[in-house]
2 protein chains.
Amino acid sequence: MKRLSTADPTFESHFTALLDEARETTARVDAAVAAIIAEVRERGDAALVDFTARFDRWTPVDAAALRVTQAEIDAADASIRPELRDALNLAADRIEAFHRAQLPTDLEMKDAAGLTLGMRWGAIDAVGLYVPGGKAAYPSSVLMNAIPARAAGVPRIAMCVPTPDGVLNPLVLAAAKRAGVTEVFRIGGAQAVAAMAWGTAQIIPVDRIVGPGNAYVAEAKRQVFGRVGIDSIAGPSEVVVIADGACDPRHVALDLLAQAEHDESAQSILITPDAALADAVAAAVEAELRHLPRAAIAGESWRRHGAVILVKGLEEAAALTNRLAPEHLQLMVDDPRALLAQVRHAGAAFLGRYTPEAVGDYVAGPNHVLPTGRTARFASGLSVFDFLKRTTWVEADKAALEAVGPAAVALADAEGLGAHGRSIAIRLGQTGRP
Amino acid sequence: MKRLSTADPTFESHFTALLDEARETTARVDAAVAAIIAEVRERGDAALVDFTARFDRWTPVDAAALRVTQAEIDAADASIRPELRDALNLAADRIEAFHRAQLPTDLEMKDAAGLTLGMRWGAIDAVGLYVPGGKAAYPSSVLMNAIPARAAGVPRIAMCVPTPDGVLNPLVLAAAKRAGVTEVFRIGGAQAVAAMAWGTAQIIPVDRIVGPGNAYVAEAKRQVFGRVGIDSIAGPSEVVVIADGACDPRHVALDLLAQAEHDESAQSILITPDAALADAVAAAVEAELRHLPRAAIAGESWRRHGAVILVKGLEEAAALTNRLAPEHLQLMVDDPRALLAQVRHAGAAFLGRYTPEAVGDYVAGPNHVLPTGRTARFASGLSVFDFLKRTTWVEADKAALEAVGPAAVALADAEGLGAHGRSIAIRLGQTGRP
């Protein structure tokens, strides 16, 4: 963990180093992924069966075995403990309510020139959701990726999840059922992305693919981009906690560690004007680390990428936060709304001392798929907007065209686009040759 | 030009071939672009001077000469003919009014569990606009790219435009002045994209880069993506015109040719239930081609990629349009709104017989930067949303956390994330070790 203080004359260089810290090295898998995609395009379901046998340590008897049946989904759901079923239902309902509230309204306006202008929102026809298998198979991610699509009105949501050794994760299937996923395939890796983008005999192609994955999945999404839409490719997770001296250091420490336990590349940063809190939190982190199931990962993240920054006041904390543009931001201060008003860049904010970030990972309602690695400067969390697209429209009659057409003709002529100008002029009876 | 009819038993294979037609071959310039970006990162402004001398046939006396001065912008603006100045003003005002109407509102909701949830829109700090030089230097594109950024509230809009042989395009500068561009650099190609993404001594880096460009510019945008946001990389332009027998064939022909004259890879498709109109439009295209300044380009596009599709009725026309998902769609029929309601996928629609697409290219108000190549299935035209990002937020007190926290703890435990659960449990006084 690094300790920085804005009172230190060398602060700026240390802070810049923190900003530029590369927390991830990406393996080059371009060629391997291109080969997988080409084979899925050529051989379809047969290639999916072969890749599954090779990578997932189980051999589907045929292509149909790649589809998870409704009976399997229902059985998985029935196997869930009641307490977990209730938790999934609560989370799904709250996520759905928040994302429905995001739904935008269409626009229609008639202006002084007599033109009617509009903008209409519509849902994508079909979305593909990639869900990682193994240790990172998070039911909460299924809810967070699929429910906004359903709230947007997407009629078809296909999901691919690898099942290493043939083992289905019942919580993932239960989440898919609640989130409105319409079809589930037990396929992983680049081959799953290829199948959803290009289609096979069994899998109808989708229009957009979302969801996290390993380097192969991320590269496959890059390679099919254009054919289909993709979401942004997430980097390691991060949190900035701004806390004042009135905070319980153990609360702050656990919030930092909740981020750190995701993976060794995660980053947790405390910014505080209170030197005593800084010391107490640092001590509490070490104390809590002794008890956590993922202490090895969390400890490694904290040692490598953690930071405690001492500032002169909250205004300075907000200014540094704007340069960090963190994925998650906790504002554990007396007036968190006033502080939020000074923050321009953050994926998601958690206000006050009783809103730990973890509540947002599961049940608060807003999405937990958020922009990482300082991209909150220009990017946003997943939302219904990722599953909607806009069609703008214009309607003119002859009088309206007379009002604005001559300006368009002048500009078209200046750009040397004769047919553009003439397509307007001829409607206005200006039929002389240009 | 191809002629298809849905009455033909082989229609489906011909239409599928039309859908799959690749209209563009992309040159592989990855390595050349990577080298340019590396040199700009290493040598900054000096590299920009060298690349400009090498590629743009003029040698800046120093790095400062790469910046277009306010005096140059004002002089360019003063040199514009009054008719064109009026046209630019009309276009800018109308584009601004429409994009301001797009501005979304923030969300705040308190729910039954006592949590307050919100979503706040904010503008990106700085945007870079790339404007091609030479023949494709369109002032209308400057307006269409920059005005939505200004309407969104972006305080800094930097523009890069190459000036081959050192010649500034006065209309482009006049458009930049009206569109709220805050700084203009006479730099082109991959080096301009690199400079805007990474910054130099003279150019402060931006957060998002938009605007069209050649293969080098497109590849540079791909390579800096992640460091900054980018817009989608546009392919060749296209239009679908649905017209009934009551249309003037010359109007339809000119609308098809207005698309075709953009470039040889553009595509113009007429869909009509009226065989006589199909014949008359085909003839009118040939007649009009004799007179157009860009007849060679438009003719080549029409011969290579043009199509006339005869359908049984408008419902079939809408169904085919949904498979084509065109960038531009003209609905030249009696009830265009009813037909639009059947169309799910189109970048922009133009309703009725007096709304040629060209009016939307310049003055209607909606954006002319639109999804091409069937990507309207999942993508949208440029808008204020490209220059805004969202921060979601959650505020809970202890009672609210008591209401939803246990469900989050259950899910965190199921996912094996101990610190997540404990960060909530400790706030609820459940301090026993897990």
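Quick caveat, the model's predicted, so the values are computed rather than measured.

> Whenever I open this one, the overall build of chain A confuses me. Can you help?
Scanning chain A from N- to C-terminus turns up 17 helices and 15 strands. Counting all 434 residues of chain A, 61% fall into the buried class. Side chains of chain A give 43 positive and 53 negative charges; the mean places of these two sets differ by 4 Å.

> Got a minute to help me understand the domain arrangement of chain A in this structure?
In many reports, interface size means the accessible area that the parts give up when they come together. All names here are of chain A. Along its sequence, chain A is carved into domain 1 (30-230), domain 2 (235-378) and domain 3 (396-428). Counting residues at the interface gives 11 residues for domain 1, matched by 10 residues for domain 2. In total, about 920 Å² of surface goes out of reach between domain 1 and domain 2, with carbon and sulfur atoms giving 56% of it. Of all residues in domain 1, Arg94, Ser140 and Met144 give up the largest surface area on contact with domain 2, accounting jointly for 48% of the area buried on that side. Viewed at the interface, domain 2 and domain 1 are joined by 5 residue pairs in polar contact (both at pLDDT 80 or more). Elements represented by at least two residues in the side of domain 1 that touches domain 2 include exactly helix H5 (82-101) and helix H6 (139-152). Counting residues per element, the side of domain 1 that touches domain 2 draws most heavily on H5, which supplies 6 residues. Each residue belonging to the side of domain 1 that touches domain 2 can be placed in one class, and the counts come to 6 nonpolar, 4 polar and 1 charged.

> Got a minute to help me understand the sheet that holds strand S1 (residues 2-5) of chain A in this structure?
Across a sheet, strands are paired by hydrogen bonds formed along the backbone, either parallel or antiparallel in direction. Reading across the sheet, the 9 strands line up as S1(A)-S12(A)-S11(A)-S10(A)-S13(A)-S14(A)-S15(B)-S4(B)-S3(B) and stay open at both edges, with mixed pairing between neighbours. One side of each edge strand has no neighbouring strand; the edge strands of this open sheet are S1 of chain A together with strand S3 (107-110) of chain B. Strand-to-strand, the axes of this sheet are offset by a mean angle of 15 degrees, without reference to chain direction. In the sheet, S1 of chain A pairs with strand S12 (residues 307-310) of chain A via 4 bridges, with the strands oriented parallel. Among the inter-strand pairings, Arg3 of chain A is bridged to a residue of S12 of chain A, identified as Val308 of chain A. Across the sheet, H5 of chain A lies against S3, strand S4 (116-123) and strand S15 (388-395) of chain B, angled at about 145 degrees from S3 of chain B, the strand it touches most.

> Sorry, what's going on with the pattern of salt bridges here?
Pairing between side chains of opposite charge can happen when the charged atoms of each approach one another. All names here are of chain A. All told, the structure shown has 60 salt bridges over all chains when counted by the stated rule. For Arg43, the salt bridge identified is with Asp50, shortest N-O distance 2.7 Å. For Arg353, the salt bridge goes to Asp334, with nearest N and O atoms at 3.2 Å. Of this pair, Arg353 sits in the loop between strand S14 (348-351) and helix H15 (357-362) while Asp334 sits in the loop between strand S13 (328-332) and helix H14 (336-340), and the two are 19 residues apart along the sequence. Within the structure, one salt-bridge network assembled from shared partners comprises Asp74, Asp77, Lys177 and Arg178.

> What exactly am I supposed to notice about the interface of chain A and chain B here?
On the chain B side, the residues contacting the 115 residues of chain A number 116 residues. Between chain A and chain B, roughly 10200 Å² of surface is buried when both sides are summed, and carbon and sulfur atoms account for 60% of that area. For the interface between chain A and chain B, the tally reads 14 salt bridges. Ionic pairing is found between Asp111 of chain A and Arg94 of chain B, a salt bridge with its closest N-O pair at 2.6 Å. For the pair chain A and chain B, the interface holds 64 residue pairs in polar contact (both at pLDDT 80 or more). The leading source of residues in the side of chain A that touches chain B is H5 of chain A, at 10 residues. Note that S14 of chain A and S15 of chain B share 4 bridges and pair parallel. If you follow Leu351 of chain A over to S15 of chain B, its bridge partner there is Glu395 of chain B.

> Is there a simple way to think about the sheet that holds strand S6 (residues 156-160) of chain B in this case?
Residues and elements named next belong to chain B. The strand order across the open sheet built from 6 strands is S2-S7-S6-S5-S8-S9, with neighbouring strands paired in mixed fashion. Of all the strands in the sheet, the pair left with one neighbour each is strand S2 (67-68) and strand S9 (229-230). With 3 bridges connecting them, strand S5 (residues 126-130) and strand S8 (residues 208-210) associate as parallel partners. Considered in S8, the bridge of Gly128 is made with Ile209.

Thresholds, definitions, all that
Residues numbered from 1 in each chain as written. Chains lettered and ligands numbered in written order. Predicted model: local features only at pLDDT ≥ 70, side-chain atom pairs only at ≥ 80, totals over all residues. Heavy atoms only, no water. Helix = DSSP H or I, 4+ residues; strand = E, 2+ residues; numbered from the N terminus. Buried < 20%, exposed > 50% of the residue type's maximum accessible area, 1.4 Å probe, protein only. Lys, Arg positive; Asp, Glu negative; His and termini not counted. Charge placed at Lys NZ, Arg CZ, Asp CG, Glu CD. Domains from an automatic or database assignment. Contact = heavy atoms within 4.5 Å. Buried area = accessible area lost by both parts, 1.4 Å probe. Polar contact = N/O pair within 3.5 Å; in protein donor to acceptor, adjacent residues only side chain to side chain. Nonpolar A, V, L, I, M, F, W, Y, C, P; charged D, E, K, R; others polar. Pairing = 2+ DSSP bridges. Axes fitted to C-alpha atoms, helices over the stretch in contact; angles between N-to-C directions. Salt bridge = Lys/Arg side-chain N within 4 Å of Asp/Glu carboxyl O.

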